[in-house]
Amino acid sequence: MKKKWAVKRLTVNLTTEEMNKLECYCALTGRPATDVIRELLRTLEVENAENSETGTADSTITVGSGPKSH
């Protein structure tokens with residue numbers, strides 16, 4: 001079964017450290033960055049899933065572990 005891809009295209013700006021980490025992980029696992037990023041996105045917890053399924057603007061997405069102190 002073929003998958004449909006490229007519904008939307010996303011450009012992400014990464015720091016050098018983030019890019020190095022991604023490249024290292026991809027080299028170790030033999031997986032392309034696109035697959036790694038898709039898998040990470042699928043693991044994100046979504047609060048208020050009912051609204052996110054319908055695409056309403058008031059849905060809340062939890063990304064990361066909260067604000068970081070600098």
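In this text, all values refer to a predicted model and were calculated from it rather than measured experimentally.

Broken down by element type, the protein chain carries three helices and two strands. Each helix (α) and strand (β) of the protein chain, taken in turn from the N terminus, gives the series α-α-β-α-β. Classification of the 70 residues of the protein chain by burial places 6% in the buried group. With an accessible surface of roughly 7000 Å², the protein chain has 55% of that area assigned to carbon and sulfur atoms.

With that settled, consider helix α1 (residues 16-29). Along an α-helix, residues three or four positions apart point the same way, because every turn accommodates 3.6 residues. Taking 1.5 Å of rise per residue, the 14 residues of α1 would be expected to cover 20 Å, and the 20 Å separating its terminal C-alpha atoms lies within 8% of that figure. Downstream of α1 by one or two residues, G30 has phi in the positive range, about 75 degrees.

Time to look at the packing of α1 against helix α2 (residues 33-42). The contact between α1 and α2 brings their axes to 9 Å, and the two run at 105 degrees. By the angle class used here, α1 and α2 are roughly perpendicular. Of the residues in α2, those in contact with L22, Y25 and C26 of α1 are A33, V36 and I37. Counted by class, the contact of α1 with α2 contains six nonpolar, no polar and no charged residues.

Where nonpolar side chains cluster on the molecular surface, the patch consists of L10, V12, L14 and M19 and spans about 370 Å² of accessible area. Its place among the elements puts L10 in the segment before α1.

Tracing the backbone shows V36 in helix α2. With a relative accessible area of 6%, V36 lands in the buried category. In the structure, V36 is positioned ten residues away from C26 in sequence and 7.6 Å away in space, judged by C-alpha atoms.

The next point concerns the confidence of the model for the protein chain. Parts of the model with low pLDDT should not have their predicted coordinates read in detail. Looking at the protein chain, the pLDDT average stands at 78 and 60% of residues meet or exceed 70. No element of the protein chain has a lower mean pLDDT than strand β2 (residues 60-61), which averages 48, and none a higher one than α1, which averages 98. The low-confidence segment residues 65-70 (pLDDT under 50) makes zero contacts with residues lying over four places distant or belonging to another chain.

Under the definition given, this model contains two salt bridges. Ionic pairing is found between R31 and E39, a salt bridge with its closest N-O pair at 2.6 Å. The shortest N-O distance in the salt bridge between R38 and D35 comes to 3.5 Å. Taken as a pair, R38 and D35 lie in helix α2 at a separation of three residues, close to a single helical turn.

The rules behind the values
- Residues numbered from 1 in each chain as written.
- Predicted model: local features only at pLDDT ≥ 70, side-chain atom pairs only at ≥ 80, totals over all residues.
- Heavy atoms only, no water.
- Helix = DSSP H or I, 4+ residues; strand = E, 2+ residues; numbered from the N terminus.
- Buried < 20%, exposed > 50% of the residue type's maximum accessible area, 1.4 Å probe, protein only.
- Areas by Shrake-Rupley, 256 points an atom, 1.4 Å probe, with all protein chains shown as cover.
- Expected span 1.5 Å × (residues − 1).
- Axes fitted to C-alpha atoms, helices over the stretch in contact; angles between N-to-C directions.
- Parallel < 35°, antiparallel > 145°, perpendicular 65-115°, else oblique.
- Contact = heavy atoms within 4.5 Å.
- Nonpolar A, V, L, I, M, F, W, Y, C, P; charged D, E, K, R; others polar.
- Patch = residues over 30% accessible without salt bridge, like charges linked within 9 Å, V, L, I, M, F, W, Y side chains within 5 Å.
- Salt bridge = Lys/Arg side-chain N within 4 Å of Asp/Glu carboxyl O.
- pLDDT = per-residue confidence, 0-100.

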